[in-house]
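Chain by chain, the residues:
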Amino acid sequence: MAVTDRIATEYEALTQRVGLVDRSERGKLLLTGGEVKDFLQGQVSNDVLGLEAGSGCYAVFLTHKGKMLGDMRLLDGGDAGVFVDTERASLQELFNMIRRFKLGRDVDVHKRTLERGLLSLIGPGARRVEGPEHTHRRDEIGGAAVRLVATDLGTDVLCDADDLETVRAALLAEGAEAASLEAAEVVRVESGRPRYGADLDDSVIPQEAGLNERAVSFTKGCYVGQETVARLFYRGKPNRRLLGLELSTPVESGTPLLLASKQVGKILSSVVSPARGALALALVRREANPGDELAGGDASARIVELPFP
C-alpha cells in the first residue's frame with residue numbers, strides 16, 4: 001500500500017482545487033405517493049416530516065435492537081417525491097425494508113440506480129449550492145438537466161445516466177480535475193466520516209460511530225430501533241467509539257488492534273495520505289483513548305480524535 005504519483009496528483013486536486021469523482025455506483029431509489037414522508041418517519045432515524053422541498057437529511061435504518069442495516073441520504077424533491085441514495089452494500093436491505101413495510105400505504109418505490117448518474121465535486125472550490133449540507137436545487141450543466149446537492153466536501157451532481165458523459169465533459173472543461181474513488185477514500189478517511197460496508201455494519205449502533213448528531217432525531221417520536229438508540233443516549237455510554245489512527249506503516253483492514261496484549265478493536269478503512277502518511281479508522285473499546293499507542297500487526301497506532309488534525 002503506497003502513494004502513487006497518480007493518487008498524489010488526484011489528492012492535490014481534491015484538497016486544493018476541485019476534483020471530480022464518479023459515484024454513480026451508489027444505490028438510488030425514488031419514493032413517490034402521498035404517504036412517503038409519514039412512512040419514512042416511522043422507519044428511519046432522522047426527522048423526515050421536518051423536510052421541505054429543496055432540503056434533505058442523512059439517516060440510518062435499524063434493526064429492532066438498534067443495529068444499523070444501512071444509511072442513506074434523503075432529498076425532498078417536493079411534488080417529484082423523495083430521492084434516496086445509499087451505499088450499494090445496503091441497497092438491497094433498504095429496498096427490502098421499504099417493500100415489506102409500505103404495504104397498505106400510499107408509497108411507490110422506483111429503482112434509479114442505473115437510470116441516474118452521480119458525480120462528486122470535492123475541494124475548496126467545489127461548493128455550488130448555498131445552505132447546509134443536503135440543500136439541493138435544479139440546474140443545467142452542458143445543456144443537461146441536473147440536481148446540485150451540497151455535501152460536506154463540495155457538491156454532488158445528479159443527472160440522467162444518458163447525460164453523464166455530457167455533464168462530466170462540461171465539468172472538466174470548467175476546470176474540475178478527474179479523480180478516482182481511491183483518492184476520494186483518502187479524503188473521506190481524513191474527514192472522519194465512516195462508510196457503510198467499510199466501517200459500519202449490522203453490529204454497529206449509531207452512537208458508537210458518532211452518528212447521533214448527523215443522523216438521529218431525539219424529538220421526532222418512534223421509529224424502528226428507537227428504544228435502544230434513545231436508552232444508550234440518555235442512560236449510558238457505548239462500549240466502543242469511532243476514532244482515528246495514525247500508523248507507523250500501512251496496515252490492512254481487519255488487522256486486530258491490541259492495547260497491552262488485549263484486543264480493543266480492529267483496523268477498518270486504511271489509507272495512505274500524501275499529506276499525513278498511513279491513517280485508519282477504527283471502532284475501539286472505551287478503555288482505549290486518544291493519545292494511547294496500540295499495536296496493529298507490524299505497526300504502532302496512535303489514537304486521535306476525528307477528523308484528523
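The following paragraphs examine the structure supplied in this document. Because the structure is predicted, anything quoted here is derived from the model rather than measured.

Basis of the calculations
- Residues numbered from 1 in each chain as written.
- Predicted model: local features only at pLDDT ≥ 70, side-chain atom pairs only at ≥ 80, totals over all residues.
- Heavy atoms only, no water.
- Pairing = 2+ DSSP bridges.
- Helix = DSSP H or I, 4+ residues; strand = E, 2+ residues; numbered from the N terminus.
- Axes fitted to C-alpha atoms, helices over the stretch in contact; angles between N-to-C directions.
- Contact = heavy atoms within 4.5 Å.
- Polar contact = N/O pair within 3.5 Å; in protein donor to acceptor, adjacent residues only side chain to side chain.
- Phe/Tyr/Trp six-rings, centres within 6.5 Å; stacked < 30°, edge-to-face > 60°.
- Buried < 20%, exposed > 50% of the residue type's maximum accessible area, 1.4 Å probe, protein only.
- Lys NZ or Arg CZ within 6 Å of the ring centre and 35° of its normal.
- Disulfide = S-S within 2.5 Å.

## Description of the sheet that holds strand β12 (residues 240–247)
Read around the closed barrel, the 6 strands follow the order β12-β15-β14-β13-β16-β17; overall the barrel is antiparallel. Ignoring which end each strand starts from, the neighbouring axes of this sheet average 40° apart. Judged from the 4 bridges that link them, strand β16 (residues 293–296) and strand β17 (residues 299–304) form a sheet pairing that is antiparallel. From the neighbouring strand, G296 faces β17, where its bridge partner is A299. Strand contacts of helix α5 (residues 181–191): β14 (262–273) and β15 (277–285), with the helix running at about 130° to β14, the strand carrying the most contacts.

## With respect to the sheet that holds strand β11 (residues 177–178)
In sheet architecture, strand pairing relies on hydrogen bonds along the backbone and comes in two forms, parallel and antiparallel. One open sheet accounts for 6 strands, arranged β8-β9-β10-β7-β1-β11; its pairing is mixed. Single-partner strands in this sheet number two, and they are β8 (136–141) and β11. Of the pairings in the sheet, the one linking strand β9 (residues 144–150) to strand β10 (residues 154–160) comprises 5 bridges and is antiparallel in character. Bridge assignment links V149 to a residue of β10, and that residue is D156. Contacting β1 (19–22), β7 (116–122) and β11, helix α1 (residues 5–16) runs over the sheet at an angle of about 110° to β1.

## Let's talk about the environment of Q41
Relative to the helices and strands, Q41 resides in helix α2 (residues 36–41). For the pair Q41 and A89, spaced 48 residues apart in sequence, the C-alpha to C-alpha distance is 22 Å. With residues up to four places along the chain from it excluded, the contact list for Q41 reads N46, D47, V48, L49, K220, C222 and Y223. At a separation of 2.7 Å, a polar atom in the side chain of Q41 contacts the main-chain amide nitrogen of V48. Of the polar contacts made by the side chain of Q41, one reaches the backbone nitrogen of L49; its length is 3.1 Å.

## Topic: the packing of aromatic side chains
Working definition: an aromatic ring pair is given by the centre-to-centre distance plus the angle between the planes. Taken as a whole and judged by the stated rule, the model has 3 aromatic pairs. Judged by centre distance (4.0 Å) and plane angle (20°), the rings of F218 and F233 are stacked. Note that F218 is positioned in the loop between α6 (212–215) and α7 (226–235) and F233 in helix α7, a separation of 15 residues in sequence. A relative accessible area of 27% places F218 in the partly exposed class. Arranged with centres 4.9 Å apart and planes meeting at 75°, the rings of F233 and Y234 form a pair that is edge-to-face. Relative accessible area serves as the criterion here: at 56%, Y234 is assigned to the exposed category. Of the aromatic side chains, those joined through ring pairs into one cluster are F218, F233 and Y234. One Lys or Arg, K111, reaches over the ring of F95 and ends 4.7 Å from the middle of that ring. Note that R214 overlies the ring of Y58, its terminal NZ or CZ placed 4.0 Å from the centroid.

## Brief notes about unusual backbone geometry
The linkage connecting L306 with the following residue, P307, adopts the cis geometry, with an omega of 0°. Mapped onto the elements of the fold, P307 is located in the segment after β17. At H134, a residue that is not glycine, the phi angle is positive and equals roughly 80°. Checked against the element boundaries, H134 lands in the loop between β7 and β8. Overall, H134 belongs to the buried group, its relative accessible area being 11%. Unusually for a residue other than glycine, S261 sits at a positive phi of about 70°.

## A word on the state of the cysteines
Enumeration over the complete set of coordinates arrives at 0 disulfides. Residue C222 stays outside any disulfide, its sulfur separated by 18 Å from that of C57, the closest cysteine.

## Here we look at the pairing of β15
The element β15 is largely enclosed, with a buried count of 7 among its 9 residues. Across 7 bridges, β12 lies against β15 in antiparallel orientation. Bridging from a neighbouring strand, R241 pairs with V284 of β15. As paired strands, β14 and β15 are joined by 7 bridges and run antiparallel to one another. Among the inter-strand pairings, K266 is bridged to a residue of β15, identified as L283. A loop of 3 residues connects β14 with β15, the two strands running antiparallel in sequence.

## Observations concerning the side chain of E208
Assignment of secondary structure puts E208 in the loop between α5 and α6. A relative accessible area of 9% places E208 in the buried class. Not counting residues up to four positions away in its chain, the partners in contact with E208 are S203, P238, R240, R241, L242 and L283.

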